[in-house]
Amino acid sequence: MSDAVPERDPTTTDAGVALDNITVEFSGVTALEDVSLSVDEGEFFTLVGPSGCGKTTTLRAVAGFEEPATGEVHIDGGRVTDLAPERRDVGVVFQHYALFPHMTVRENVAYGLRFRDPPGGVADDERVDELLSLVDMAGMGEREPEQLSGGQQQRIALARALAPGPDVLLLDEPLSALDARLRERLRVTIREIQQELGITTIYVTHDQSEALAISDRVAVVSGGRIEQVAPPETVYREPQSRFVAEFVGENNLFDGEVTATAPPRATVDGVEIALPESAAVDTGDSVALCVRPEVLSLGENDTASNATTLTATVEHREFLGDAYRVHCSWNGRSLLVKTDSREPPEGTVTLTVDTDDIHLLSDSGR
Ligand code: ATP
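Quantities reported herein were computed from a predicted structural model and do not represent experimental measurements.

Colleague: Got a minute to help me understand the site of the ligand in this structure?
Modeller: Every residue lining the ligand is accounted for by F26, A31, P50, S51, G52, C53, G54, K55, T56, T57 and E173. In the environment of the ligand, an oxygen atom lies 3.0 Å from a nitrogen or oxygen atom belonging to the backbone of C53. Between the ligand and T57, the relevant distance is 2.5 Å, taken from an oxygen atom to a side-chain nitrogen or oxygen of the residue. Burial of the ligand by the protein amounts to 56% of the accessible area it has alone, namely 630 Å². Among the residues making up the shell around the ligand, the classes are represented as four nonpolar, five polar and two charged.

Colleague: Just to check I follow, could you spell out the domain arrangement of the protein for this structure?
Modeller: Along its sequence, the protein is carved into domain 1 (17-246) and domain 2 (250-360). Taken over C-alpha atoms, the centre of domain 1 sits 39 Å from the centre of domain 2. Interface area, domain 1 with domain 2, both sides summed: about 690 Å², of which 44% is carbon and sulfur. It is Y236, R242 and A245 that lose the most area in domain 1 upon contact with domain 2, and together they represent 68% of the buried surface on that side. At the boundary of domain 1 and domain 2, one finds one salt bridge. Residue R242 pairs with D255 through a salt bridge whose shortest N-O separation is 2.5 Å. Where domain 1 touches domain 2, the interface holds five residue pairs in polar contact (both at pLDDT 80 or more). Secondary-structure elements contributing two or more residues to the side of domain 1 that touches domain 2 are α7 (232-237) and α8 (242-247).

Colleague: Would you mind showing me how to read the nonpolar core here?
Modeller: Considering soluble globular proteins, one finds that nonpolar side chains tend to be buried as a cluster. Ranked by size, the top nonpolar core spans 32 residues in total, and within it I156, L158 and L162 carry the most contacts. Of all the secondary-structure elements, those providing two or more residues to this core are α2 (105-111), α3 (124-134), α4 (150-162), β7 (168-172) and α5 (180-197). When residues in this core are grouped by element, the largest group, six residues, is from α4. Those residues in contact with I156 that sit more than four places away from it in its chain are L99, V105, N108, V109, L132, M137 and L148. By size, the runner-up hydrophobic cluster in this structure holds 29 residues, among which are L275, L296, A312 and L335.

About the cut-offs
- Residues numbered from 1 in each chain as written.
- Predicted model: local features only at pLDDT ≥ 70, side-chain atom pairs only at ≥ 80, totals over all residues.
- Heavy atoms only, no water.
- Near = heavy atom within 4 Å.
- Polar contact = N/O pair within 3.5 Å; in protein donor to acceptor, adjacent residues only side chain to side chain.
- Areas by Shrake-Rupley, 256 points an atom, 1.4 Å probe, with all protein chains shown as cover.
- Nonpolar A, V, L, I, M, F, W, Y, C, P; charged D, E, K, R; others polar.
- Domains from an automatic or database assignment.
- Buried area = accessible area lost by both parts, 1.4 Å probe.
- Salt bridge = Lys/Arg side-chain N within 4 Å of Asp/Glu carboxyl O.
- Helix = DSSP H or I, 4+ residues; strand = E, 2+ residues; numbered from the N terminus.
- Core = buried A, V, L, I, M, F, W, Y, C linked by side-chain atoms within 4.5 Å.
- Buried < 20%, exposed > 50% of the residue type's maximum accessible area, 1.4 Å probe, protein only.
- Contact = heavy atoms within 4.5 Å.

So this is what it looks like as structure tokens:
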């Protein structure tokens, strides 16, 4: 190896991947603004957010395909900001399978071995067989990509990315070209393989349910910035911002002013609400309350001190198979309720929510 080829700088962090204050600009447009995040070794970490928010740019900055205007990238503790992509020990799978059409499955996977460093070790043939078994494609090595289904092609793309034994696996919307059922199956496969190998993985998706289902932690991205990083349950139950509350799952959001307090109850815009203990509010505060559709129970009149009861009117119902979405109106506002009741009531209904199921946004700003 030539002295001129930069090596990783010595360890500065023990994270699997760390981005420190990364900013990426495209002809004056800021695609990423001062993004910092740290992915643990062996963690399955997902970037989720709407189209154009900067997910792919983040992934490309880790892979080395995008040069940040400012900031540093670390992989496995070493600084890689100035290293070319092929020297970063990352495997990448893109949305479109990008298999070589003129090569067999076996040749496609073997192609992934060309950057193996150091070369050698297990013979290529043996390594390819190992990888084909890993992605459940043993015996299909002689096929050509066009003889494979979309899901099979994506398995091969995964095998090719894993071939050189990278430190980090980067997956950019790998399932978005597949139908819904296959997506659900393959995401389980990806997760199982990731756990079997213990490989640090960053996964990009715009599909929030996929992000919640597959990840150890999720970063919600909006407008080139990270809104929240947390385990899926925390992101869902305790969103930090209005954007997260509305982007991840469905939510009923109430903005109002606290006009009186008598803990654990407070009056918000004239309605007395039982608030969680953690929600300290004072008279005059502007608050934003989140109530998930599935935590509102329909038709029960609960007078317990830790419950809030509202009288609403059912506007219409949607049957989803395993549940109903019930659209209600209450005090001139729309309220969405999700219930698995076989026959949700119509007309005037009582809605009840437990204190612990109300989340107060710490950032009530719009
Ligand atoms: P999607 O889910 O649609 O793929 P994304 O969240 O991955 O979106 P990015 O592809 O990272 O978003 O793009 C972030 C922003 O940077 C967008 O505004 C996009 O238009 C812009 N952008 C990305 N690549 C380039 C480029 N090569 N030249 C100019 N602008 C770009």
